[in-house]
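# Analysis of the macromolecular model
Listed below are the residues making up each chain.
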Protein chains: 2
Amino acid sequence: MTQATPARQLLEVAYDEAQRGLAEGGIPIGAALFAANGTLLGRGHNRRVQSGDPSMHAETDAFRAAGRRRDYGSTIMVTTLSPCWYCSGLVRQFGIGAVIIGESQTFHGGHDWLAEHGVAVTVLEDERCVQMMTDFIVDNPALWHEDIGVATEVEAQ
Amino acid sequence: MTQATPARQLLEVAYDEAQRGLAEGGIPIGAALFAANGTLLGRGHNRRVQSGDPSMHAETDAFRAAGRRRDYGSTIMVTTLSPCWYCSGLVRQFGIGAVIIGESQTFHGGHDWLAEHGVAVTVLEDERCVQMMTDFIVDNPALWHEDIGVATEVEAQ
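Small disclaimer: the values here were computed from a predicted structure and weren't measured. (Residues numbered from 1 in each chain as written. Chains lettered and ligands numbered in written order. Predicted model: local features only at pLDDT ≥ 70, side-chain atom pairs only at ≥ 80, totals over all residues. Heavy atoms only, no water.)

The subject of this paragraph is the packing of aromatic side chains. As enumerated under the stated definition, the model contains 16 aromatic pairs over all chains in all. On the basis of an interplanar angle of 70° and a centroid distance of 5.4 Å, the ring pair of Trp-113 of chain A and Trp-85 of chain B is categorised as edge-to-face. Of this pair, Trp-113 of chain A sits in helix H5 (residues 111-116) while Trp-85 of chain B is found in helix H4 (residues 85-93), placing the two residues in two different chains. Ring plane angle 45° and centroid distance 4.8 Å describe the contact between Phe-63 of chain B and Phe-94 of chain B, whose orientation is recorded as tilted. Remark: Phe-94 of chain B occurs in the loop between H4 and strand S4 (98-103) and Phe-63 of chain B occurs in helix H3 (residues 58-65); sequence separation between them is 31 residues. Exposure remark for Phe-63 of chain B: the relative accessible area of 0% places this residue in the buried category. Taken together, the ring pairs in this structure connect Phe-63, Tyr-72, Tyr-86 and Phe-94 of chain A together with Phe-63, Tyr-72, Tyr-86 and Phe-94 of chain B into an aromatic cluster. One Lys or Arg, Arg-92 of chain A, reaches over the ring of Trp-85 of chain B and ends 3.9 Å from the middle of that ring. One Lys or Arg, Arg-128 of chain B, reaches over the ring of Tyr-15 of chain B and ends 4.1 Å from the middle of that ring. (Phe/Tyr/Trp six-rings, centres within 6.5 Å; stacked < 30°, edge-to-face > 60°. Helix = DSSP H or I, 4+ residues; strand = E, 2+ residues; numbered from the N terminus. Buried < 20%, exposed > 50% of the residue type's maximum accessible area, 1.4 Å probe, protein only. Lys NZ or Arg CZ within 6 Å of the ring centre and 35° of its normal.)

With 35 residues of chain B at the contact, the number on the chain A side is 35 residues. Summed over both sides, the interface of chain B with chain A buries roughly 3,100 Å², with 59% coming from carbon and sulfur. Of all residues in chain B, Arg-68, Arg-70 and Gln-93 of chain B give up the largest surface area on contact with chain A, accounting jointly for 25% of the area buried on that side. On inspection of chain B and its partner chain A, the count reaches four salt bridges. Of the charged contacts in the structure, one is a salt bridge between Arg-70 of chain A and Glu-146 of chain B, with a shortest N-O distance of 3.8 Å. Where chain B touches chain A, the interface holds 11 residue pairs in polar contact (both at pLDDT 80 or more). Of all the secondary structure elements, the ones that give two or more residues to the side of chain B that touches chain A are helix H2 (48-51), H3, H4, helix H7 (141-147) and helix H8 (151-156) of chain B. (Contact = heavy atoms within 4.5 Å. Buried area = accessible area lost by both parts, 1.4 Å probe. Salt bridge = Lys/Arg side-chain N within 4 Å of Asp/Glu carboxyl O. Polar contact = N/O pair within 3.5 Å; in protein donor to acceptor, adjacent residues only side chain to side chain.)

With that settled, consider the side chain of Asp-53 of chain B. By the secondary structure assignment, Asp-53 of chain B is in the loop between H2 and H3. Buried charged residue Asp-53 of chain B carries no salt bridge. Nearest counter-charge: Arg-64 of chain A, at 4.1 Å. A distance of 2.7 Å separates a polar atom in the side chain of Asp-53 of chain B from a polar atom in the side chain of Ser-55 of chain B. In this structure, Asp-53 of chain B is in contact with Arg-64 of chain A together with Arg-47 and Arg-48 of chain B, ignoring residues within four places of it in sequence. (Lys, Arg positive; Asp, Glu negative; His and termini not counted.)

On to the pairing of strand S3 (residues 76-81) of chain A. Residues and elements named next belong to chain A. Of all six residues in S3, six are buried, a share of seventy percent or more. Two elements, strand S1 (residues 30-34) and S3, share four bridges in a ladder whose sense is antiparallel. Looking across to S3, one finds that Phe-34 is bridged to Ile-76. Direction of pairing for S3 relative to strand S4 (residues 98-103): parallel, over a ladder of five bridges. By the bridge assignment, Val-78 is partnered in S4 with Ile-100. (Pairing = 2+ DSSP bridges.)

So, about the sheet that holds strand S5 (residues 120-123) of chain B. Residues and elements named next belong to chain B. Within the open sheet, the five strands sit side by side as S2-S1-S3-S4-S5. Their pairing is mixed. Each end of this open sheet is capped by a strand with a single partner; those strands are strand S2 (40-45) and S5. Each adjacent strand pair in this sheet contributes to an overall mean axis angle of 15°, direction not counted. Pairing between S4 and S5: four bridges, direction parallel. Directly across from Val-99, in S5, lies its bridge partner Val-121. Contacting strand S1 (30-34), S2 and strand S3 (76-81), H3 runs over the sheet at an angle of about 140° to S2. Here helix H6 (residues 127-139) sits on the sheet in contact with S3 and S4, set at roughly 65° to S4. (Axes fitted to C-alpha atoms, helices over the stretch in contact; angles between N-to-C directions.)

What follows covers the pattern of salt bridges. Scanning all chains against the criterion turns up 26 salt bridges over all chains. The residue Glu-17 of chain A makes a salt bridge to Arg-20 of chain A at a minimum N-O spacing of 3.7 Å. Placement of the pair is Glu-17 of chain A and Arg-20 of chain A together in helix H1 (residues 7-23), with a separation of three residues, close to one helical turn. Arg-8 of chain B is the salt-bridge partner of Asp-126 of chain B, the closest N and O atoms lying 3.2 Å from each other. Placement of Asp-126 of chain B in the loop between S5 and H6 and of Arg-8 of chain B in helix H1 (residues 7-23) is noted, with a sequence separation of 118 residues between them. When its relative accessible area of 43% is taken as the criterion, Arg-8 of chain B is described as partly exposed. Residues joined by salt bridges that share partners form a network here, namely Arg-48, Glu-146 and Asp-147 of chain A together with Arg-68 and Arg-70 of chain B.

Residue and element names in this part refer to chain B. Packing of H1 against H6 brings their axes to within 11 Å, and their N-to-C directions diverge by 20°. Regarding the angle of H1 to H6, the classification is roughly parallel. Crossing handedness for the pair H1 and H6: left-handed. Counted together, Leu-11, Glu-12, Tyr-15, Ala-18, Gln-19 and Leu-22 of H1 and Arg-128, Cys-129, Met-132 and Phe-136 of H6 form the full contact between these two elements. Grouping the constituent residues of the contact of H1 with H6 by class yields seven nonpolar, one polar and two charged. (Parallel < 35°, antiparallel > 145°, perpendicular 65-115°, else oblique. Left-handed = near helix turned anticlockwise from the far one by under 90°. Nonpolar A, V, L, I, M, F, W, Y, C, P; charged D, E, K, R; others polar.)

Any link to function would need more than the numbers given here.
Written out as structure tokens, the structure is:
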């Protein structure tokens, strides 16, 4: 990330993706993959509802949109929400060098694990991101739990 | 897994998927998700080459094919190769209860981590699976390294 592209500016792209997902009736989580100089490589959002596809979390959708690449070491994954184990595993396996996270208050995924394994993790705790997910979870608890594989809490709704 | 569906029988489906991928010119890794009683829920294979999609590893393709589900606790993920961190993260996040692995000799992914976190892991070290990946890696080292995010070794080819 250069001086010209501070973390909060990169987050705007992910936030816009989350808002697109929300407008489509989906889960509002967005992500984008950037080169070190701030060039956008791919952007995407959660598509569980829209595509009936449980494998398309925001990060995987952005990763897919960036196409085939040989070296992710200098890339930056930006996501509106702390990445779950699935998406954290993606970051670790492909050696994505940095992760910028909108917020980790509504969901605490694997970003501590990533930091332990050398990924440069920035958590912004952006208030808009917190509010967006807080509102969504209150209104759609079963859908949210489905997206993170929490079966028992869904049963308790 | 019931007595009627031993691990090696379930592996046949994943192996068949890997062979399909190979016939398509792709990376020969296959997977399938089963219910506890042996019912097939979804099957798939690596689609990096065929779809130009780096997000579709065998396990994610099988997971996608199984569609939206609320509870994976009693499901079994069968894969021809030890799951990478990305696919191991998938198993952990969605609480897939068991993983049956064809082989872990050509690639040792995150299955020890999964076992530490309560997943029932079975590694068969099936000779056909070992041979299939050994042959593929010898013939396609750059493609293989790309699929697991190993950039430096690709450079060294």
